[in-house]
Amino acid sequence: MTGLTLAVVLQTATMATGDGGESYTDAYQSAMSNGAPIVVFVSTEWCAPCQQMKRQILPEVRKRGLLGRVCFAQVDPDVEHGLARQLIGSGPVPQLLMFRSTRSGWMRRRLVGSQNVATVENFINEGLEATKKAESTAGAAVDDAQPKAGAVSTVSR
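Residues numbered from 1 in each chain as written. Predicted model: local features only at pLDDT ≥ 70, side-chain atom pairs only at ≥ 80, totals over all residues. Heavy atoms only, no water.

Novice: Mind laying out the nonpolar core, listing which residues take part and the relevant values?
Specialist: If you look at the biggest cluster of nonpolar residues, it comprises 18 residues, and the most contacted ones within it are Val39, Val61, Val70, Leu96, Val120 and Ile124. For this core, the elements supplying multiple residues, two or more each, are β1 (38-42), α3 (48-63), β3 (95-102) and α5 (117-136). The element that contributes the greatest number of residues to this core is α5, accounting for five residues. Residue contacts for Val70: discarding those within four places in its chain leaves Ala36, Pro37, Val39, Met98, Ile124 and Leu128. Core analysis: the second largest hydrophobic core is formed by 17 residues, Ile38, Val40, Ile88 and Trp106 among them. (Core = buried A, V, L, I, M, F, W, Y, C linked by side-chain atoms within 4.5 Å. Buried < 20%, exposed > 50% of the residue type's maximum accessible area, 1.4 Å probe, protein only. Helix = DSSP H or I, 4+ residues; strand = E, 2+ residues; numbered from the N terminus. Contact = heavy atoms within 4.5 Å.)

Printed below as a string of structure tokens:
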């Protein structure tokens with residue numbers, strides 16, 4: 001019975017897509033194959049700011065084409081406990097994370113709390129520009145992108 005339960009949990013984590021997002025596994029695999037940054041929206045069903053972002057902000061960002069330029073995923077900590085803990089620890093929701101590969105490891109940026117369309121667009125655009133800049137200066141170990149207020153930048157391996 002334990003094997004069956006584990007299989008169901010793994011399948012749920014792999015196939016969970018949320019509204020309009022793909023699974024983290026799919027986003028990660030796409031990023032590894034095409035080099036695009038991964039943007040992960042961590043939210044729950046019971047969180048009002050999460051739902052506002054899910055229903056109003058992210059659809060508008062998607063309409064403007066930005067989510068199509070990154071590998072996008074949604075993670076619900078109530079469903080994908082282990083993955084959410086790896087992504088945000090015991091941090092608050094909602095969080096919007098961007099991971100991009102650098103020569104020194106993965107660069108992580110994050111926005112915490114409810115955001116407006118302009119802030120989310122700037123967050124994604126800055127990450128895309130930093131990726132583009134890093135690609136054009138392939139000899140550089142780490143790019144010098146400085147995130148704006150509300151974003152945290154760390155390199156992790």
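Now, onward.
Novice: Report on the environment of Glu121, specifying residues and quantitative values.
Specialist: One can find Glu121 in helix α5. Between the C-alpha atom of Glu121 and that of Val61, which follows or precedes it by 60 residues, the distance is 6.7 Å. If near-sequence neighbours (up to four positions away) are discounted, Glu121 is found in contact with Val61, Arg64 and Leu66.

Novice: Account for the packing of α3 against α5, naming residues and giving values.
Specialist: Between α3 and α5, the least distance of the axes is 9 Å, while the angle of their chain directions is 50 degrees. The angle between α3 and α5 places the two elements in the oblique class. Crossing handedness for the pair α3 and α5: right-handed. Between α3, through Met53, Ile57, Leu58, Glu60 and Val61, and α5, the contact on the second element is made entirely by Val117, Val120, Glu121 and Ile124. (Axes fitted to C-alpha atoms, helices over the stretch in contact; angles between N-to-C directions. Parallel < 35°, antiparallel > 145°, perpendicular 65-115°, else oblique. Left-handed = near helix turned anticlockwise from the far one by under 90°.)

Novice: Tell me about the packing of aromatic side chains, residues and numbers included.
Specialist: For any pair of aromatic rings, geometry is given as the distance between the ring centres together with the angle between the planes. Taken as a whole and assessed by the stated rule, the structure comprises two aromatic pairs. With 6.5 Å between their ring centres and 20 degrees between their planes, Tyr24 and Tyr28 make a pair best called stacked. With Tyr24 and Tyr28 both in helix α2 (residues 24-34) and four residues apart, this pair spans about one turn of that helix. The interplanar angle of 35 degrees and the centroid separation of 6.0 Å between the aromatic rings of Tyr28 and Trp106 together place this pair among those described as tilted. Of the two residues, Tyr28 sits in helix α2 while Trp106 sits in strand β4 (residues 105-112), which places them 78 residues apart along the sequence. What links up through ring pairs into an aromatic cluster is the set Tyr24, Tyr28 and Trp106. (Phe/Tyr/Trp six-rings, centres within 6.5 Å; stacked < 30°, edge-to-face > 60°.)

Novice: Go over the pairing of strand β2 (residues 71-75), please, and point to the residues and values.
Specialist: For β2, a buried count of five out of five residues is recorded, marking the element as mostly surrounded by other parts of the structure. Neither face of β2 is open: one carries Cys71, Ala73 and Val75, the other Phe72 and Gln74, and all of them are buried. Bridge count for β1 against β2 is five bridges, and the pairing is parallel. What sits directly across from Val39, in β2, is Phe72. For the handedness criterion, the β-α-β arrangement of β1, α3 and β2 is classed as right-handed. (Pairing = 2+ DSSP bridges. Right-handed = clockwise from strand over helix to strand, strands pointing away.)

Novice: Account for unusual backbone geometry, with residues named and values stated.
Specialist: A negative phi angle characterises most non-glycine residues, just as the trans form characterises most peptide bonds. A cis amide bond links Val93 with the next residue in sequence, Pro94, at an omega value of 0 degrees. Residue position: Pro94 is located in the loop between α4 (81-88) and β3.

Novice: Tell me about the confidence of the model for the protein chain, and name the residues and values.
Specialist: When pLDDT is averaged along the protein chain, the result is 80, and 74% of the positions lie at 70 or above. Between residues 1-20, whose pLDDT stays under 50, and residues either more than four places distant or in other chains, the model counts 17 contacts. Ignoring residues within four places in sequence, the model shows residues 140-157, a span with pLDDT below 50, making 43 contacts including any to other chains. (pLDDT = per-residue confidence, 0-100.)

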